[in-house]
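# Chain and residue survey
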Amino acid sequence: MVIVVAITASIFVIQVIGGLASGSLALLADAGHMLTDSTGLVIALIAATLATRPATSARTYGLQRVEVLAAMVNGLLLTGIAVWVLVQAIERWNQPADISSGLMLVVAVVGAVANTVGLLILRGGKDESLNLRGAYLEVLGDLLGSLAVIAAALIITFTGYTRADSIASLLIFVMIIPRAFSLLRDVVDVLLEATPRGTDLDQIRQHILEVDGVTDVHDLHAWTITSGVPVLSAHVVVTADCLAEGRTGQVLDRLGECLGEHFDVEHCTFQLEPEGHSAHESSHHA
């Protein structure tokens, strides 16, 4: 991943210089696309590094949520670049500019080759690591952007139709904006501690109730610390016989096994309660 970050950052610099020198908005738009993707790759590297940091008494989950904060910055940056590209593309459509299509084509081809190399480097691990898969998709998006610029450069070269540069810029905008909104939506979900996508609390509740000795469950919550780290807590009501016979440890083991088999929840916290204890609690949730 470090190699791919270096390649992507280098191509970003080349595209900025090439875009300014050739007058191509599409190259600058693709450079902005590549900048945010480079940031995404760096975030993945940061996440992999911070995951190895031990937790402390001050930060019981370590620095894992730094990834979420960095993703928020990346999403805002991505949105800002997309809006800028859209405004500039509309202005260029109304007032086409002179473009050096030869230089534009050369820079775009260099970008496409570099992105292809990046894909080949990441291909081997994309099915084994979520971070590598995310990086693979980032570079794939860059490659599609470079191909759009190449097509625009060829059209300008052979037809002189300079509005092709604006069209390519709009295509890159279309590729950027859904990812920006998706990224920001995921960040908001984590910060608001929404139930992780794909987690059905009704099913979890049903599985908990099927454990021998359990009669009820309330205050059931599920949220996400950072990507790939879901957390769950619940107040589990057990029978008086279960408590009297000292079977609470078995209940906890069974609850952990049950969630481990059916749900991707590694960090689970259960409060075992006798029947009627909820009446003494100051707040009671579903």
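Read on for an overview of the structure. (Residues numbered from 1 in each chain as written. Predicted model: local features only at pLDDT ≥ 70, side-chain atom pairs only at ≥ 80, totals over all residues. Heavy atoms only, no water.)

## Comments concerning the layout of surface pockets
By volume, the second largest pocket amounts to about 160 Å³. Arg-59, Thr-60, Tyr-61, Gly-62, Leu-63, Gln-64, Arg-65, Val-66, Leu-69 and Ile-225 together form the lining of the second largest pocket. Looking at the lining of the second largest pocket residue by residue, the class counts come to 5 nonpolar, 3 polar and 2 charged. (1 Å grid on protein atoms, 1.4 Å probe; cavity = no way out; pocket = protein on both sides within 12 Å on 5 of 7 lines; lining within 4 Å. Points joined across faces, edges and corners; volume = space filled by probe spheres on them. Nonpolar A, V, L, I, M, F, W, Y, C, P; charged D, E, K, R; others polar.)

## As for empty space enclosed by the protein
Scanning all chains against the criterion turns up 1 cavity of 30 Å³ or more. Taken as a whole, the largest cavity holds about 40 Å³ of empty space. Contributing to the lining of the largest cavity are Arg-92, Pro-96, Ala-97, Ile-99, Thr-162, Asp-165 and Ser-166. Of the residues assigned to the lining of the largest cavity, the class counts are 3 nonpolar, 2 polar and 2 charged.

## Some details on the nonpolar core
In terms of nonpolar packing, the biggest core is built from 32 residues, with Leu-27, Met-104, Val-139 and Val-149 touching the most fellow members. Of all the elements in the fold, those that place two or more residues in this core are helix H1 (2–22), helix H2 (25–50), helix H3 (66–94), helix H4 (101–123), helix H5 (130–159) and helix H6 (163–191). The leading source of residues in this core is H5, at 8 residues. Those residues in contact with Met-104, other than ones at most four positions away along the chain, are Ser-22, Ser-24, Ala-26, Leu-27, Ile-99, Val-149, Ala-152, Ala-153, Ile-156 and Asp-165. Of all hydrophobic cores here, the second largest spans 17 residues; its members include Ile-204, Val-236, Leu-255 and Phe-263. (Core = buried A, V, L, I, M, F, W, Y, C linked by side-chain atoms within 4.5 Å. Buried < 20%, exposed > 50% of the residue type's maximum accessible area, 1.4 Å probe, protein only. Helix = DSSP H or I, 4+ residues; strand = E, 2+ residues; numbered from the N terminus. Contact = heavy atoms within 4.5 Å.)

## Focus on the sheet that holds strand E2 (residues 229–238)
Across the sheet, which stays open at both edges, the 3 strands sit in the order E1-E2-E3 with mixed pairing between neighbours. Pairing within the sheet leaves two strands with one partner each, and these edge strands are strand E1 (214–226) and strand E3 (267–274). Direction aside, neighbouring strands of the sheet carry axes that sit 15° apart on average. Of the pairings in the sheet, the one linking E2 to E3 comprises 8 bridges and is parallel in character. Bridge pairing links Leu-232 to Cys-268 in E3. Along the sheet face, helix H9 (residues 248–262) touches E1, E2 and E3 and points at about 145° away from the line of E3. (Pairing = 2+ DSSP bridges. Axes fitted to C-alpha atoms, helices over the stretch in contact; angles between N-to-C directions.)

## Quick word on unusual backbone geometry
For Glu-193, which is not glycine, the phi dihedral falls at a positive 55°. Relative to the elements of secondary structure, Glu-193 occurs in the loop between H6 and helix H7 (201–209). Given the relative accessible area of 44%, Glu-193 is considered partly exposed. One non-glycine residue, Asp-219, adopts positive backbone phi at about 50°. Considering the arrangement of structural elements, one finds Asp-219 in strand E1. Judged by relative accessible area, which is 7%, Asp-219 ranks as buried.

## Overview of the packing of aromatic side chains
Counted according to the given criterion, the structure contains 0 aromatic pairs. Positioned above the aromatic ring of Trp-93, the side-chain terminus of Arg-163 is 5.1 Å from the ring centre. (Phe/Tyr/Trp six-rings, centres within 6.5 Å; stacked < 30°, edge-to-face > 60°. Lys NZ or Arg CZ within 6 Å of the ring centre and 35° of its normal.)

## So, the environment of Ile-176
In this fold, Ile-176 is placed in helix H6. The exposure class of Ile-176 is buried, given its relative accessible area of 0%. Once the C-alpha coordinates of Ile-176 and Ser-24 are considered, the two residues, 152 residues apart in sequence, prove to be 18 Å apart. Ignoring any residue separated from it by four or fewer positions in sequence, one finds Ile-176 in contact with Ala-29, His-33, Leu-78 and Ala-82.

## Quick word on the side chain of Ser-22
Among the secondary structure elements, Ser-22 is positioned in helix H1. Residue classification places Ser-22 among the buried residues on the basis of a relative accessible area of 3%. Looking at Ser-22, its side chain comes within polar contact range of the main-chain nitrogen of Ser-24, at 3.3 Å. Once residues lying within four places of it in the same chain are set aside, the contact partners of Ser-22 are Leu-27, Asp-98, Ile-99, Ser-100, Leu-103 and Met-104. (Polar contact = N/O pair within 3.5 Å; in protein donor to acceptor, adjacent residues only side chain to side chain.)

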